[in-house]
Each structure stands twice: as C-alpha cells, then as structure tokens.
2 protein chains.
Amino acid sequence: MTRMNDMSFDLKQAEEKINKLSHLVDKSIGDLCNSSPEGIPQRLWESMTYSLKAGGKRVRPVLCLLTGEACGASFQDLMPMAIACEMVHTASLIHDDLPPMDNDSLRRGKPTNHVVFGESLALLAGDALFLWAFDHALRELSKIGTFTACSILEALGSLLKASGPFGICGGQVLDTDPESYGQEDKHPWEVARSKTAVLISSSVAAGAILAGATFEERSAFADYGDHLGTAFQIVDDILDVTGRSSEIGKTPGKDQVQGKATFVSVYGLEKAAELASGETCRALEALALIERDISVLRAFPEILRQRVR
Amino acid sequence: MTRMNDMSFDLKQAEEKINKLSHLVDKSIGDLCNSSPEGIPQRLWESMTYSLKAGGKRVRPVLCLLTGEACGASFQDLMPMAIACEMVHTASLIHDDLPPMDNDSLRRGKPTNHVVFGESLALLAGDALFLWAFDHALRELSKIGTFTACSILEALGSLLKASGPFGICGGQVLDTDPESYGQEDKHPWEVARSKTAVLISSSVAAGAILAGATFEERSAFADYGDHLGTAFQIVDDILDVTGRSSEIGKTPGKDQVQGKATFVSVYGLEKAAELASGETCRALEALALIERDISVLRAFPEILRQRVR
C-alpha cells in the first residue's frame with residue numbers, strides 16, 4: 001500500500017470525473033442511436049441499439065477518453081474511438097449470452113438481446129456491432145482532421161487485434177470450449193488476459209495512440225490496462241459468487257453451474273481478493289513512468305477495488 | 001448483345017487468368033492457414049481455417065486482384081486485401097449456416113462449420129474471421145509500404161461498410177427475418193443488393209482504391225460490381241431450383257422450403273434468366289468509361305452466365 005499512498009489523487013474528484021465521462025459517453029451513444037440512418041433494416045437497428053444503449057459502466061470508452069485527454073486530445077475528437085471500444089464490448093456480450101454460449105437471459109439488468117429479438121437477429125446484431133465499431137470510428141476519425149491517417153490506422157489496428165482471434169474471440173473460446181481448457185491454475189489467468197484485459201488494455205492504448213503518445217508511454221498505458229483488466233476479471237469472478245443480480249446486472253452463480261475454472265474456484269475468495277489487489281498495484285506501477293496529468297487513471301483501480309468491499 | 005460484341009475479349013484466355021488467380025488466392029490462403037500463429041487457441045484456429053480453406057470460387061478476391069492490377073498494383077501487394085474480402089465472405093457463410101439462421105449442413109461441398117466444430121465454436125470462428133479480415137489486411141498492407149495510409153483507410157472503410165449493418169449484416173436480416181420482408185416484387189432486389197452485390201462491389205472497388213484509381217474509375221468499378229453481384233444472386237436463386245448439390249456445393253431447394261421470395265419465386269425461371277442477362281449487360285456498360293486493360297473483367301459476367309446454361 002506504500003506505493004499507492006505515494007501517489008496523490010483525490011478519490012472523490014476522480015469519481016466525479018469518471019461519472020461525468022460515463023454520462024458523456026451515454027449521451028453520445030444515445031445521440032448516435034437516435035440518428036435513424038438510411039440503408040439499414042429497422043429491426044436490425046432496434047436490436048443493435050437496444051444493447052448499445054443498455055448502459056453498463058462504460059469502463060472501456062471512459063479509459064480511452066482519459067488516456068487520450070492526458071496526451072492532449074479533446075473528448076470530442078476521441079469519442080468515435082471510445083464508442084468503438086464500447087461497441088466491440090457490447091457485440092461480444094450479445095454473442096456471449098446466446099444459447100449455444102452462456103445462454104443467459106439477463107444482462108446489464110435487462111433481458112438479453114436474443115430474449116427480446118430472437119436468436120437469429122441477436123446473432124446478426126452482434127456481427128453488425130463488431131463491424132460498425134470500426135466502420136464508424138474509421139469514418140468519423142477521418143472526417144475530424146485532427147489525427148493523422150497513420151495514427152488512425154494504428155489505433156484501429158490495436159482495437160482490431162484485441163477484438164479478433166488473438167483477442168477476445170480467442171478468450172471466449174478458452175472460456176467456453178471444454179477442449180480448450182488449459183492447466184487449472186493457469187486457466188483463469190489466460191482467460192482474464194484474452195477475454196477481458198486485452199480489450200481494456202487496447203481501449204487505454206487507443207486513446208494514447210490517437211493523441212500521439214510516445215512509444216514508451218503507449219507501452220506503459222497498455223501495461224496499466226493489462227493489469228487493470230486482469231483485476232477487473234478477478235473482481236468479476238468474485239462478484240459472480242458474492243453479488244446479487246440487482247448489483248451485477250446479470251445472473252450470479254453461473255460460473256459454478258457451468259463448472260468453470262475461475263479465480264475463485266482455483267484460489268478461493270480471500271486469495272482472489274489478494275490477487276486483485278496485487279494486479280491493481282501493478283497497474284499503478286506501470287503508470288509511474290508517465291509524466292502527464294493522470295490522476296484519474298491512478299484512482300481508477302482503487303474505485304474498482306471498492307466494488308468488492 | 002450488340003454492346004457485348006463491341007467489346008473484344010478472348011473468353012478462353014480470360015477463364016485461364018481467372019483460374020490462375022483463383023489458385024493464387026488458394027495458395028496464399030493455404031500458406032496463411034499453415035502458419036500456426038501464437039496467441040490463439042488451437043481449436044479456434046482449426047475451426048476458422050477449416051472454412052477458409054474449404055474453397056469456393058474465390059470470386060471476391062479474384063475481382064479485387066483484377067481491378068487492382070488493371071490500375072497498376074501487383075498481385076502480391078494486393079493479396080492481403082483480396083484475402084480480407086474472402087474472410088468476410090467466409091465469416092458470413094459460417095453464421096448464415098448456423099441453426100438459428102439457415103440451418104444448413106452442407107457448404108462448398110463439405111459439412112458446415114457447426115456440424116464439425118459445434119455451434120459455439122462456429123459462432124466464434126465467424127466473429128474471429130470477420131475481425132481478422134481487417135486486422136490482417138491493415139497490418140500487412142501497412143507493412144508493404146506501397147500504399148499510402150489514406151488509401152489503406154479508404155479501402156478498409158469500403159469493405160467495412162459493405163460488411164456491417166449497412167451491408168451484408170443488413171442483407172442477412174432482410175433475407176431471414178420475416179418481419180423485415182418488404183414488398184414481394186422489390187424484396188429480391190433489396191436482398192441481392194445488400195446481401196450479395198454490396199460485398200462484390202466493395203471487393204472490386206477495394207483493389208482500385210488501393211491502386212490509386214481516379215474517383216470516376218472507382219465509381220465505375222463499384223457500379224460494375226453492383227450489377228455483377230446482382231446477376232450473381234439471380235443465378236444463385238436459379239441454381240437453388242435447377243442445380244444439384246454436387247454442382248452448387250450446398251443443399252438445393254432451400255429457398256422454396258423456407259418460403260423465401262427469390263427472383264425465381266417472384267419472376268419465374270425464364271424471366272429470372274433474362275434479368276440476369278440484363279444485369280450483366282449493365283455491368284459491362286459501367287466498364288465502358290474505363291481506359292485500362294480490363295479484358296478479363298469484361299469477360300467475367302459472360303463466364304458467370306455460362307454457369308446457368
């Protein structure tokens with residue numbers, strides 16, 4: 001804890017800023033979803049926007065905005081990239097909830113996409129959001145004129161890698177395909193890295209890349225995101241056991257029912273909480289080299305940790 | 001037919017070139033699939049490459065290579081973009097065959113992905129291929145150094161738009177969601193445009209964009225692809241009625257069983273064949289303004305037409 005006390009941050013102020021950005025993301029997503037574009041079947045649009053508007057904490061886009069701002073870009077310019085991170089996340093949740101996968105009927109406190117729109121449309125809404133994420137970001141970021149074509153390519157490339165077979169698609173396979181399970185003690189770490197941390201890390205990095213951060217800074221931000229994301233997954237595993245559906249917005253106790261090797265099943269609740277603390281410390285260590293105003297990013301892991309208290 | 005005779009092309013030579021390019025695409029895809037990359041679960045890789053290697057006519061990548069070559073780029077440089085077009089197409093086929101969608105067990109003459117790997121893995125293999133298409137193309141095209149970052153962004157943007165909610169995802173909804181059916185006589189045209197023509201048109205355009213074609217040329221190529229793609233879908237509807245599974249590589253007669261409004265159900269076989277001819281003529285007309293060596297592109301619709309004789 002010494003290291004954390006070394007770093008000064010005002011927790012309340014950080015929470016306020018995170019909430020403000022979360023609302024800003026909600027507002028931007030709401031405006032986009034109300035724009036009724038042409039050339040898309042109405043029912044597909046309803047299905048996509050149902051899940052995109054369904055809320056959640058907007059962790060990924062908020063992190064993208066925070067690092068981008070720390071490196072000198074404006075929230076307005078960064079927003080298409082931030083929304084792309086949320087679209088990818090939402091797409092993966094829609095598919096994750098489908099009957100052949102986790103078969104869940106509750107997400108973010110609402111009926112899951114396929115419960116409302118049917119399996120076929122939910123499948124296509126997920127596909128559409130995965131691809132629209134990049135289509136939207138590419139088009140809007142190119143229009144703005146603030147970022148170079150190279151930065152846009154690099155930021156999109158980072159998010160694409162994190163989303164595809166080397167990222168969350170691979171992570172979902174590790175998490176759901178019994179034949180792909182590895183050694184029990186390594187498995188939760190591998191799932192956390194490739195299912196959760198990789199997308200959080202890429203969201204953090206994308207803001208920094210667009211804003212023209214140095215190679216060292218990007219690398220530090222990506223490390224921060226990796227450890228923060230791993231802590232995030234550990235907390236998620238803990239909440240699956242200790243949380244109520246009203247708190248976590250999805251059906252609790254699913255991991256045990258499905259016989260998944262999680263941080264809790266492998267290490268127990270107490271040790272899992274310790275591991276989460278360890279990861280948040282490492283996330284903060286990664287930020288040590290960055291000489292920019294990153295007080296809110298420093299506070300982020302602590303705010304996350306409080307979820308399990 | 002006068003117009004077609006005006007345009008000189010050697011059909012046999014064109015067929016040889018198309019076959020050569022189709023083999024070149026097969027070889028490149030084969031090499032990529034044999035590369036055993038790190039950081040991806042083995043079973044996901046097997047599932048993705050099973051469908052990607054399963055063949056088919058490679059129409060989209062061949063068209064991308066042909067227009068790109070006509071505008072001055074090399075096949076080698078264009079290949080990552082061409083493969084991306086095939087990956088997107090393959091991803092959409094995997095999802096299209098899933099039980100909640102068309103529920104087909106045969107594709108390209110082989111058991112469909114979910115029959116071999118299960119529904120959950122097939123779903124993720126489709127997701128992974130959709131995203132890897134753009135990840136792979138972005139990374140490899142950036143490495144080559146031949147194309148500008150702006151051209152790469154524009155070519156990827158074109159393929160992204162054609163793949164997402166404003167492209168084939170929307171087309172799939174029109175094709176499979178009864179609540180999204182439009183007027184019977186318009187419906188086959190809308191499905192053909194958004195399910196088939198949009199991706200063929202974008203594959204044609206992507207090669208030209210990368211190779212630095214003028215705005216007028218790109219627009220002409222995109223028009224060509226639109227009409228060629230529509231002809232392609234009409235022929236597909238005809239073959240669903242007249243073809244045998246050994247010829248078309250999938251289960252015939254599905255459209256009628258599913259009660260879909262196709263060109264054949266709406267217009268009858270004879271009129272549908274006429275409409276296909278009309279679309280191939282319009283495809284050729286679109287090429288009239290292009291002053292480059294495009295003899296093989298001119299021959300393409302005729303080679304396609306011969307499939308229904």
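Our subject is the structure that appears above.
This report concerns the structure included in the present document. This structure is a prediction, so every number in the text was calculated from the model and none was measured.

With respect to the overall build of chain A
Line of reasoning, step 1. A count of helical and extended segments in chain A gives 16 helices and two strands.
Line of reasoning, step 2. Against the compact-globule benchmark of 19 Å for 309 residues, chain A has a radius of gyration of 19 Å, which places it among compact chains.
Line of reasoning, step 3. Along the three orthogonal principal directions, the C-alpha set of chain A runs to about 50 × 50 × 35 Å.
Line of reasoning, step 4. Across the 309 residues in chain A, those meeting the buried criterion constitute 54%.
Line of reasoning, step 5. When contacts within chain A are restricted to residue pairs at least 6 apart in sequence, those whose partners lie at least 24 apart make up 74%.

Description of the interface of chain A and chain B
Line of reasoning, step 1. Chain A puts 46 residues into the contact, and the matching count from chain B is 46 residues.
Line of reasoning, step 2. Every element with two or more residues in the side of chain A that touches chain B is listed here: helix 3 (42-52), helix 7 (119-144), helix 8 (149-163) and helix 9 (168-176) of chain A.
Line of reasoning, step 3. Its residues assigned to classes, the side of chain A that touches chain B shows 27 nonpolar, 11 polar and eight charged.

Description of helix 16 (residues 295-305) of chain A
Line of reasoning, step 1. A:Val296, A:Leu297, A:Arg298, A:Ala299, A:Phe300 and A:Pro301 are the residues of helix 16 of chain A that are buried.
Line of reasoning, step 2. Of the surrounding elements, those touching the buried residues of helix 16 of chain A are helix 2 (11-33), helix 4 (59-70), helix 11 (215-242) and helix 15 (269-287) of chain A.

Brief notes about the packing of helix 5 (residues 75-97) of chain A against helix 10 (residues 187-210) of chain A
Residue and element names in this part refer to chain A.
Line of reasoning, step 1. Where helix 5 contacts helix 10, the axes come no closer than 10 Å and their chain directions differ by 165 degrees. Between helix 5 and helix 10, the interaxial angle falls into the category roughly antiparallel. In this structure, the crossing between helix 5 and helix 10 has a hand that is right-handed. Here helix 5 contributes Leu-78, Met-81, Cys-85, Val-88 and His-89 to the contact with helix 10, which in turn contributes Leu-199, Ser-203, Ala-206, Gly-207 and Leu-210.
Line of reasoning, step 2. In terms of residue class, the contact of helix 5 with helix 10 is made up of seven nonpolar, three polar and no charged.

Here's the deal with the relation of the copies chain A and chain B
Line of reasoning, step 1. Least-squares fitting of chain A to chain B yields an RMSD of 0.0 Å, with the superposition described by an axial translation of 0.0 Å and a rotation of 180 degrees. As the rotation angle and translation indicate, the two copies are arranged about a two-fold axis. Relative to the rotation axis, the C-alpha of A:Ala149 is the closest in chain A, positioned 2.8 Å from it.
Line of reasoning, step 2. Mapped onto chain B, 100% of the interface residues of chain A again fall at the interface, so both copies present the same surface.

Remarks on the packing of helix 7 of chain A against helix 9 (residues 168-176) of chain B
Line of reasoning, step 1. Two numbers describe how helix 7 of chain A lies on helix 9 of chain B: the axes approach to 9 Å, and their chain directions differ by 165 degrees. The angle between helix 7 of chain A and helix 9 of chain B places the two elements in the roughly antiparallel class. In this structure, helix 7 of chain A meets helix 9 of chain B at a crossing whose hand is left-handed. Between helix 7 of chain A and helix 9 of chain B, the residues in contact are A:Ser120, A:Leu121, A:Leu124, A:Asp127, A:Ala128 and A:Leu131 and B:Cys169, B:Gln172, B:Val173 and B:Thr176, respectively.

Thoughts on the nonpolar core
General note: in soluble globular proteins, nonpolar side chains tend to be found buried as a group.
Line of reasoning, step 1. Counting residues in hydrophobic clusters, the biggest one holds 198 residues, and the most contacted among them are A:Met81 and B:Met81.
Line of reasoning, step 2. Once residues lying within four places of it in the same chain are set aside, the contact partners of B:Met81 are B:Cys64, B:Ala137, B:Leu141, B:Ala155, B:Ala206, B:Gly207 and B:Leu210.

Thresholds, definitions, all that
- Residues numbered from 1 in each chain as written.
- Chains lettered and ligands numbered in written order.
- Predicted model: local features only at pLDDT ≥ 70, side-chain atom pairs only at ≥ 80, totals over all residues.
- Helix = DSSP H or I, 4+ residues; strand = E, 2+ residues; numbered from the N terminus.
- Rg over C-alpha atoms; globule rule 2.2 N^0.38 Å.
- Buried ≥ 20, exposed ≤ 12 C-beta atoms within 10 Å, placed from the backbone.
- Contact = placed C-beta atoms within 7 Å.
- Nonpolar A, V, L, I, M, F, W, Y, C, P; charged D, E, K, R; others polar.
- Axes fitted to C-alpha atoms, helices over the stretch in contact; angles between N-to-C directions.
- Parallel < 35°, antiparallel > 145°, perpendicular 65-115°, else oblique.
- Left-handed = near helix turned anticlockwise from the far one by under 90°.
- Least-squares fit on C-alpha atoms with pLDDT ≥ 70 in both.
- Core = buried A, V, L, I, M, F, W, Y, C linked by C-beta atoms within 7 Å.

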